Amino acid sequence: GTDVFDRMASFITYLFRTMTERDYFDDGRAAHEPAAPPPQNYVLVTHGLLMRIFCMCYLRWTVTEFEQVWNPSNCEIWVLERDEGRPTYELRGRWRASPFGGGFTDVKFGKNQTEIPPAHMKRPLISRSVTPGAPDALDGPELAHLRDVPKPRGQRAERCTTGPLT
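Presented here is an overview of the structure given in this document.

The rules behind each value
- Residues numbered from 1 in each chain as written.
- Predicted model: local features only at pLDDT ≥ 70, side-chain atom pairs only at ≥ 80, totals over all residues.
- Heavy atoms only, no water.
- Helix = DSSP H or I, 4+ residues; strand = E, 2+ residues; numbered from the N terminus.
- Buried < 20%, exposed > 50% of the residue type's maximum accessible area, 1.4 Å probe, protein only.
- Polar contact = N/O pair within 3.5 Å; in protein donor to acceptor, adjacent residues only side chain to side chain.
- Contact = heavy atoms within 4.5 Å.
- Disulfide = S-S within 2.5 Å.
- 1 Å grid on protein atoms, 1.4 Å probe; cavity = no way out; pocket = protein on both sides within 12 Å on 5 of 7 lines; lining within 4 Å.
- Points joined across faces, edges and corners; volume = space filled by probe spheres on them.
- Nonpolar A, V, L, I, M, F, W, Y, C, P; charged D, E, K, R; others polar.

### Observations concerning the side chain of Glu65
Alright, step 1. Examined against the element boundaries, Glu65 turns out to sit in helix α3 (residues 63-68).
Alright, step 2. For Glu65, a relative accessible area of 0% gives the class buried.
Alright, step 3. A distance of 2.7 Å separates the side chain of Glu65 from the side chain of His120, its partner in a polar contact.

Shown next, in the form of structure tokens:
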């Protein structure tokens, strides 16, 4: 999966460059013709793992968060919608069509696929700062869901959880 992650990170860079640079694609227009409006929507048709890796790259999920998100069902649609007034996109969830118009539901998350993903997993984070072994490493709300993860076993692991190795 790491090679796919690297390729997806490069693709996201390319994708956003095409979104922000005017006339990125040369469409053969004459110089006196008005510029075409930028695209309003992008559609990525992928398989489930790649959809999750795209979200992991763009939304900066940790490996643990990525592993708690379930692959989409066949033909499932996930929507990232542009934040009003911001150049970022938020994961709205799974689009469920219905005869009455449809709506969004959360992506399948957690052991039983019915947990609600933490809010920070729906918007891209600028950065994440965690000091391994620090007593307060998981105090922030964005990593609160990792507090109940079982601790490693063994003497070396116990030394690591109480502070830095000397």
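Continuing now.
### Some points on the environment of Cys57
Alright, step 1. Relative to the elements of secondary structure, Cys57 occurs in helix α2 (residues 48-59).
Alright, step 2. Once residues lying within four places of it in the same chain are set aside, the contact partners of Cys57 are Phe5, Met8, Ala9 and Ile12.

### A short note on unusual backbone geometry
Alright, step 1. Non-glycine residue Arg60 carries a positive phi angle of around 60°.
Alright, step 2. Among the secondary structure elements, Arg60 is positioned in the loop between α2 and α3.
Alright, step 3. The class for Arg60 is partly exposed, based on a relative accessible area of 41%.

### Quick look at the state of the cysteines
Alright, step 1. Scanning all chains against the criterion turns up 0 disulfides.
Alright, step 2. Cysteine Cys55 shares no disulfide, and the gap to the nearest cysteine sulfur, in Cys57, comes to 9.5 Å.

### Some words on the layout of surface pockets
Alright, step 1. There is about 1,000 Å³ of room inside the largest pocket.
Alright, step 2. If you trace the largest pocket, you find 32 residues lining it, with Tyr42, Val43, Leu44, Trp78 and Leu80 closest to the centre.
Alright, step 3. Sorting the residues of the lining of the largest pocket by element identifies α1 (2-20), α2 and β1 (77-82) as the ones contributing at least two each.
Alright, step 4. Here the lining of the largest pocket takes 6 residues from β1, the largest share from any one element.
Alright, step 5. Along the lines of polarity and charge, the residues of the lining of the largest pocket split into 21 nonpolar, 8 polar and 3 charged.

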